[in-house]
Amino acid sequence: MVNLCPYFQVHQPDRLRDYKILEVGRSPFYLDEVANAKILQRIASLCYRPMTALLKKLIDQTGGRFKCAFSLTGNFIEQCERFDPTLLDSFRELFQTGSVELLAETYHHSLAFLFSKGEWLEQIELHKIKVQQTFGITPTVFRNTELVYADWLGTEINALGYKGTLCEGVDRLLEGRSPNNLYQHPQEQNFKLLLRNYNLTDDIAFRFTDQSWTEWPLSAQKYQTWIEKSAESGSLINLFMDFETFGEHQKEESGIFTFFEELVQNLLAEGKHHFVTPSEAIEKLVSVGPYSSPELTSWADTERDISAWKMNRMQEDAFARLQKLELSVKEIGHPDILAVWRKLTSSDHFYYMSTKYYTDGDVHQYFSPYETPYDAYINFVNVVTDLERRVEEASELKDRADRQSLREGKMLGEQSAI
Amino acid sequence: MFGWEFPPYSSGGLGMACFGIVRSLLRSGHQVSLVLPRSIGKSSTPGFSVIGTDVWENHLAKEEQLANSANLQTFYLDADLQPYSSVTSPLTVSVLGQTTLNALHAEQDQLEAPTSNTVYGPDLFYQVEKYARLAASIAATLEFDLIHCHDWMTFSAGIVAKQVSGKPLLCHVHATEFDRAPGHGSEHVSRLERNGCEVADRVIAVSNYTKEILAKHYGIIKDKIDVVHNGIEMQAGNSPANPLEVTHEDPLTPERQNPRVLFLGRITYQKGPNYFLEAAHKVLQIRPEIRFIIAGAGDMLEYLRGRSHELGMANRVKFMGLLSEEKVQEVYRSVDCFVLSSVSEPFGLTVLEALSHRLPVIISKQSGVSEVLKHVLRYDYWDVERLASLILSVVSYKPLSDELKEHAVEDISPITWDQAASKITDIYHRVCQY
C-alpha cells in the first residue's frame with residue numbers, strides 16, 4: 001500500500017520593469033505590469049485553468065479519494081485580483097471539495113529569514129491573513145519558500161503552532177534512510193516532517209519531456225511500477241512540485257495531463273493505494289524517527305542548498321541592501337514603500353542573479369526575464385537605489401513632522417500648564 | 001594561403017586573425033605558403049614560407065626562374081612553434097597575404113625595411129588586381145593541396161589560383177562591405193566578395209552573424225558556409241592570480257581615482273564611435289568624474305573631436321590616436337570598462353583582448369563575438385540610453401564589475417586559435433575529398 005501525497009506550489013513573481021539607472025530619482029514605478037498580466041493570463045490558460053479543472057474532475061470521479069495539497073503565494077493571489085479575479089474561483093472550488101489542503105508559507109515567496117527573522121515571521125502572518133480572507137481557510141501545515149529548511153527554522157515554525165512542514169529529502173542528511181516515511185524534528189517531537197522524493201518528482205517535473213532520457217516516453221503504467229517499487233522502503237511518497245509543471249513547463253502536447261489523469265485513475269482503481277494530504281499523513285502515520293538538517297537545504301539545483309539565491313557578490317549585495325532598508329521602511333510607515341520593499345524580497349529576484357551554471361545555460365535562464373544575471377542585478381539595484389532615496393526623503397519628512405508635533409505638543413503642554 | 005594584412009602590416013583584426021590562424025595551423029603540422037602583397041623579410045621556418053608579390057614581380061621582370069625559392073623571402077618562426085604531430089595528415093595550404101615582423105621574430109637577412117605601414121593605399125584596387133595577376137604564376141610554381149584566402153582583396157587571386165591549379169578554394173570572410181559601410185559600400189568590393197564566395201568550394205565566416213549577412217545579401221547558400229570563430233592566445237601577463245587585487249599602473253593621467261571607459265578601434269562609422277560619444281555625454285550628466293578614452297584613428301576622428309567640444313566634454317574625453325601594441329596593452333590595464341559600440345561587427349577581437357585583461361565589457365548585439373560570450377553586457381548599437389546605463393552600472397556597482405571580472409577568463413578560455421585551426425583542419429580535409 002502506498003500513500004501518495006502530491007503538493008503543488010503556485011507562484012508568480014512581480015517582475016520589475018526595465019528600470020534604467022538614468023531613471024533613479026525620477027520614477028517610483030517599478031513593476032512590469034504588462035508582462036505580469038500577460039504571463040499570468042498565458043499560464044492561466046495553459047496550466048491553472050485546465051489543471052484545476054482536471055483535479056476537480058478526478059476528485060469528483062473518485063468520490064474525493066484523490067487528494068492533494070496546494071500553496072498559493074500572496075503575490076499570486078494579488079496578481080489574480082489585479083488581472084484575473086475569476087481564476088481564484090478555480091482554486092476555491094478545489095478547496096471546497098474537502099480533498100485539497102492549503103498550506104501556509106511566506107506572503108512574498110521570500111527568503112527574508114536570511115536577513116531578518118522578524119520580517120520572515122511578519123510575512124508568514126500576512127500570508128495567513130490573506131488566505132483566511134480569500135478562501136476562509138486557516139492552514140495548519142507549513143512549507144517554506146523553495147522548501148528551504150533547517151532545524152532552527154523547524155523550531156520557529158513549530159513555535160508558530162504548525163503541525164509540520166514540507167522539506168527536501170536530502171540524501172546526505174538521510175544517510176541511507178528512505179524519504180518515503182514520516183519524520184520528526186530532532187527536538188520538537190510533535191513537529192512532523194514530510195520529505196520530498198526528488199527522484200519520482202523530477203521524473204514528472206523535469207524528465208517527462210526529455211527525449212534523450214532512456215525512459216522517455218513515460219507512461220502512467222511504468223511510473224506506477226516505480227512508485228510501487230519505491231514504496232517498499234516506506235509507505236509515504238511525497239511528490240512536491242511547481243503547479244506550472246502541468247501545461248507550462250511540460251506542455252499539453254507532451255501528454256502530461258493524460259499521464260496524470262491515468263496515473264490517478266490506475267492507482268485508485270484497485271483500492272490498494274491512497275492519496276493523502278500532508279495533514280492526513282501527519283495524523284495517520286507514525287513518525288519513524290528524527291530527520292535533522294543542521295544546514296539550510298532546499299529543493300533547488302543538484303546542491304539542494306541556498307546557493308541558487310545567495311552565493312555571488314551581486315546576490316549578497318542585493319540582500320544587504322534590502323536588509324539595510326528594513327528598519328527605516330518600517331519606521332516611516334508608508335504603506336506603498338513597505339509593499340514595494342516586500343515585493344523586492346521575493347526569492348525570484350535573487351535567482352535571476354545566479355551565475356551558477358550560467359556558462360552552460362540552464363534552468364535558471366528558463367525562468368529569468370533577463371538576458372543575463374548581470375542585467376538582473378543592475379535592474380534590481382537600480383530600483384533599490386531609487387527606493388533608498390525615497391525612504392531617505394520620507395524619513396526626513398517624518399522627522400520634521402515629528403519635531404513639529406513635538407513642538408506643538410510642548411506648546412500645548414505649556415498652555416495647559418498655564 | 002592568400003592574405004592581405006599580416007603583422008606588422010596590419011590595420012585591424014584581419015592581420016591578427018591571419019597570424020593566429022597560420023600559427024595554429026603550423027602547430028598542427030600543416031605546411032603554409034603565405035602570399036602577401038608586400039614582402040617583409042627573409043627567413044625560413046619548417047612548413048612556412050612567405051611570399052611577397054612585390055618581390056615576385058621583380059623576379060618575373062628579371063626573368064629568373066620562378067621556382068628559385070632561394071630568392072624568395074621567407075621567415076623563421078620561433079623554435080617553440082615547431083609543428084606538433086597531428087592526428088590528421090597535414091596538408092599544404094597556399095595562402096596569399098602580408099606578415100608581422102615583431103611577432104614572428106624574423107631576424108635574418110632582411111632585404112628591405114618597410115618604408116610605410118600602409119596596407120590600404122589610394123591605389124588599392126590596382127594593387128588588388130596586380131596581386132591577382134601574380135597569383136597565377138605563383139600558383140603554377142608552388143605545390144599545395146588547397147587554396148585558403150582571406151577577405152575580398154585576395155578573392156580574385158584565389159579564383160585565379162584555383163583556375164591555374166585546379167585545387168579547391170576556401171574563401172574566409174572576416175568582414176563584408178555591409179559591415180564596413182552599411183547600405184552605401186562599394187559595389188565593386190561587394191561584387192568581389194560575392195564572386196569569391198560563389199566560386200569557392202567552401203566559405204568560412206567568422207561568425208553566424210557574418211554567415212547571415214552572406215546568405216542574405218549575397219545569396220550564398222548557408223550549407224556552403226562554415227562558421228569558425230576567431231580565438232585569442234592568453235598571455236601569461238594578462239592573467240593575474242587574483243584579478244581583483246591588481247593595482248593598475250597609470251600611463252594616462254594622475255587622477256587615477258576617476259573611472260575610465262575605453263573605446264578602441266578604427267574611428268569609422270562601422271565601429272560606432274559616435275554612439276559611444278553620445279552615451280558618454282549622458283553618463284557625464286550623472287557622473288561628471290568619469291573619463292572616456294577613444295583610441296584609434298579614422299575618418300570620423302575630426303567629427304568626434306568637434307562633437308566632443310560641442311557637448312562641452314572635451315576635457316573628459318581623451319583622443320589617443322593610433323597606439324602601438326605595447327601602448328594598447330597599457331591602456332587596457334589602465335581602464336575600468338571596455339565598450340565595443342560597433343554598428344556591424346563580424347567578430348570583434350578586441351573584446352577578447354579586453355576580457356583577457358579581466359575588464360568588464362559592454363558590447364553591441366550586432367557583433368559576432370556576442371555569440372561566443374556569456375559574461376558580458378549587451379545592448380543594441382543604437383540604444384545610446386542603454387549603453388549609458390550600462391556604463392554607469394559598471395562603474396557604480398562594484399559587485400557587478402567584480403563578478404564580470406571574475407568570469408571574464410572563464411568566458412574566453414575555450415576560445416583559442418588552436419580551436420579555430422582544428423575546425424579549419426576539418427574543413428580542409430572535407431574540401432580535399434571533393
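Note that the coordinates shown come from a computational prediction; the quantities given were computed from them, not determined experimentally.

Section: the overall build of chain A
Along the backbone of chain A there are 15 helices and 9 strands. Referenced to the eigenvectors of the C-alpha coordinate spread, the extents of chain A come out at roughly 85 × 50 × 40 Å. By residue count, 46% of the 418 residues in chain A fall in the buried class.

Concerning the overall build of chain B
Helix and strand counts for chain B stand at 15 helices and 13 strands. When each of the 434 residues of chain B is scored for burial, the buried share is 50%. Intrachain contacts of chain B at a sequence separation of at least 6 include 74% that bridge at least 24 residues.

With respect to the environment of Ser344(B)
Relative to the helices and strands, Ser344(B) resides in the loop between β11 (337-340) and α12 (349-356). Overall, Ser344(B) belongs to the buried group, with 23 C-beta atoms counted inside 10 Å.

Here's the deal with the sheet that holds strand β8 (residues 260-264) of chain B
Consider a sheet: its strands pair through backbone hydrogen bonds, and that pairing is either parallel or antiparallel. All names here are of chain B. Taken together, 6 strands build an open sheet; the order of strands is β10-β9-β8-β11-β12-β13 and the sheet is parallel. Both edges of this open sheet fall to β10 (317-321) and β13 (377-379), since each of them pairs with a single strand only. Recorded for the sheet is a direction-independent mean angle of 20 degrees between the axes of neighbouring strands. The sheet contact formed by β11 and strand β12 (residues 361-364) spans 3 bridges and is parallel. Bridged to Phe 338 within β12 is Val 361.

Focus: the interface of chain B and chain A
Counting residues at the interface gives 18 residues for chain B and 15 residues for chain A. At the level of secondary structure, the elements contributing two or more residues to the side of chain B that touches chain A comprise α9 (273-286), β13, α13 (384-396) and α14 (398-412) of chain B. Looking at the side of chain B that touches chain A element by element, the count peaks at 7 residues for α14(B). For the side of chain B that touches chain A, the per-class residue count stands at 8 nonpolar, 3 polar and 7 charged.

A look at the nonpolar core
Formed by 223 residues in total, the largest nonpolar core has its most connected members in Ala135(B), Cys337(B), Ile362(B) and Ile391(B). Considering every element that reaches this core, the biggest residue donor is helix α15 (residues 373-417) of chain A, with 10 residues.

Examining the pairing of β10(B)
Put simply, side chains in a regular strand alternate between the two faces of the sheet. All names here are of chain B. As judged from the 4 bridges shared by strand β9 (residues 291-295) and β10, these two strands associate in the parallel manner. Pairing of Ala 295 across the sheet is with Gly 321, part of β10. As a crossover connection, the stretch from β9 through helix α10 (residues 301-310) into β10 is right-handed.

Focus: the confidence of the model for chain B
All names here are of chain B. Confidence in the prediction of chain B, expressed as mean pLDDT, is 82, and 78% of residues score 70 or more. Within the model, pLDDT remains below 50 along residues 96-117, and this stretch shows 75 contacts once partners closer than five positions in the same chain are excluded. This stretch, residues 237-254, has a pLDDT under 50; its non-local contacts, to residues over four places away or in other chains, come to 20 contacts. Here the complex is predicted with pTM 0.87, and the ipTM for its interfaces comes to 0.89.

What about the packing of helix α8 (residues 220-230) of chain A against helix α9 (residues 256-269) of chain A?
Residue and element names in this part refer to chain A. As a packed pair, α8 and α9 sit with axes 9 Å apart at the nearest point and diverge in direction by 55 degrees. With respect to α9, the element α8 is oriented oblique. Of the two elements, α8 crosses α9, and the hand of that crossing is right-handed. Packed against α8, whose contacting residues are Ala 220, Gln 221, Tyr 223 and Gln 224, the element α9 presents Phe 259, Glu 262, Leu 263, Asn 266 and Leu 267 at the interface. Its residues assigned to classes, the contact of α8 with α9 comprises 5 nonpolar, 3 polar and 1 charged.

Side note on helix α7 (residues 198-205) of chain A
Residues and elements named next belong to chain A. Among the 8 residues that make up α7, 6 are buried, leaving the element largely enclosed by the rest of the structure. Within the sequence span of α7, burial applies to Tyr 198, Leu 200, Thr 201, Asp 203, Ile 204 and Ala 205. Contact partners of the buried residues in α7: β5 (164-168), β7 (192-196), α8 and β8 (236-242).

Quick look at the environment of Glu331(A)
All names here are of chain A. For Glu 331, the location among the structural elements is in helix α11 (residues 313-332). What makes Glu 331 partly exposed here is the crowd of 13 C-beta atoms within 10 Å. Placed 67 residues apart in sequence, Glu 331 and Lys 398 show a C-alpha to C-alpha distance of 9.2 Å.

Calculation rules
Residues numbered from 1 in each chain as written. Chains lettered and ligands numbered in written order. Predicted model: local features only at pLDDT ≥ 70, side-chain atom pairs only at ≥ 80, totals over all residues. Helix = DSSP H or I, 4+ residues; strand = E, 2+ residues; numbered from the N terminus. Buried ≥ 20, exposed ≤ 12 C-beta atoms within 10 Å, placed from the backbone. Contact = placed C-beta atoms within 7 Å. Pairing = 2+ DSSP bridges. Axes fitted to C-alpha atoms, helices over the stretch in contact; angles between N-to-C directions. Nonpolar A, V, L, I, M, F, W, Y, C, P; charged D, E, K, R; others polar. Core = buried A, V, L, I, M, F, W, Y, C linked by C-beta atoms within 7 Å. Right-handed = clockwise from strand over helix to strand, strands pointing away. pLDDT = per-residue confidence, 0-100. Parallel < 35°, antiparallel > 145°, perpendicular 65-115°, else oblique. Left-handed = near helix turned anticlockwise from the far one by under 90°.

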